Amino acid sequence: MADMAVLSILWTICSVPIITMGAASAALMRCTLNMNTLEGNWRARNFFRYFRDNFRNATLLWMIFLLAAGVFIFDLVVLADPSSSAMRVQRFIAVIGLIIWMITAVWAFALTAQFDAGVFRTIKNAFYIGISKLPRTIIMCLLWLVPVALLAFNPYVLSRIIVLWPVLFWGGTAYFCAKLMVKPLTPFFEEAGVHLFEGMEEDEDGEDIN
């Protein structure tokens, strides 16, 4: 719980500029994946190391996702007129776009944190894994959408517990999502000949134990 609280706070602080949210998310997923292997490091200095190492790719990835989400939401909320059949089709397309966006996004930042595959290949791989592991993907999407659902259906409850998200729930959500990711991602690491979750060979003091 303490580890998740620390990661939540670090993610919240590093995401405040918005443009850095992608790098913060990659670092968060890298740390929580390490936590779920019971090896590796996920302390603050490792979070910042992963943040720095993934800054370029993760930021570009985040900008693409942010732009896509903005287009879909603008189309859904502002442009779509429910009284017009053509606009209803437009709204339907926007909803499908947001679903595809979510399916891809829940995997993309974990992948970019572990593989240097390029932004567009990462998006392609994230979508492929999201579809092929759909039950796990749906659970992860639901976990990340809890605050959105509360805002839509019970804002009173959200107002009472919203302070917990930046100090615990973001890290907790990432932790449980990473738990669902470990098994599906393992074959990809083995196929690539990469030691699962690079950095596990370090002990708690960050020294190589080999």
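Everything discussed here concerns the structure shown above.
Residues numbered from 1 in each chain as written. Predicted model: local features only at pLDDT ≥ 70, side-chain atom pairs only at ≥ 80, totals over all residues. Heavy atoms only, no water.

Visitor: Describe the overall build of the protein chain, naming the residues involved and giving the relevant values.
Guide: Along the protein chain, the regular secondary structure elements total ten helices and zero strands. Evaluated residue by residue, the protein chain yields a buried proportion of 42% over its 210 residues. Sequence separation of at least 24 residues holds for 70% of the intrachain contacts in the protein chain that already meet a minimum separation of 6. Summed over all atoms, the accessible surface of the protein chain reaches about 11600 Å², with 70% contributed by carbon and sulfur. (Helix = DSSP H or I, 4+ residues; strand = E, 2+ residues; numbered from the N terminus. Buried < 20%, exposed > 50% of the residue type's maximum accessible area, 1.4 Å probe, protein only. Contact = heavy atoms within 4.5 Å. Areas by Shrake-Rupley, 256 points an atom, 1.4 Å probe, with all protein chains shown as cover.)

Visitor: For the nonpolar core, give the residues involved together with the corresponding values.
Guide: Residues L33, F47, W107, M140, M181 and L185 are the most contacted members of the largest nonpolar core, which totals 49 residues. Listing elements by their share of this core, those giving two or more residues are α1 (2-15), α2 (21-36), α3 (44-53), α4 (55-79), α5 (85-114), α6 (119-132), α7 (134-144) and α10 (164-192). Top contributing element to this core by residue count: α10, with eleven residues. The residues touching M140, leaving out its near neighbours within four places in the chain, are V106, W107, C177, L180 and M181. (Core = buried A, V, L, I, M, F, W, Y, C linked by side-chain atoms within 4.5 Å.)

Visitor: Give a description of the layout of surface pockets that names residues and reports values.
Guide: Put simply, the largest pocket is a space of about 960 Å³. Lining the largest pocket are 27 residues, and of these W101, M102, A105, W144 and L145 sit closest to its centre. Only α2, α4, α5, α7, α8 (146-153) and α10 provide two or more residues apiece to the lining of the largest pocket. The element best represented in the lining of the largest pocket is α5, accounting for eight residues. For the lining of the largest pocket, the class distribution of residues is 25 nonpolar, two polar and no charged. (1 Å grid on protein atoms, 1.4 Å probe; cavity = no way out; pocket = protein on both sides within 12 Å on 5 of 7 lines; lining within 4 Å. Points joined across faces, edges and corners; volume = space filled by probe spheres on them. Nonpolar A, V, L, I, M, F, W, Y, C, P; charged D, E, K, R; others polar.)

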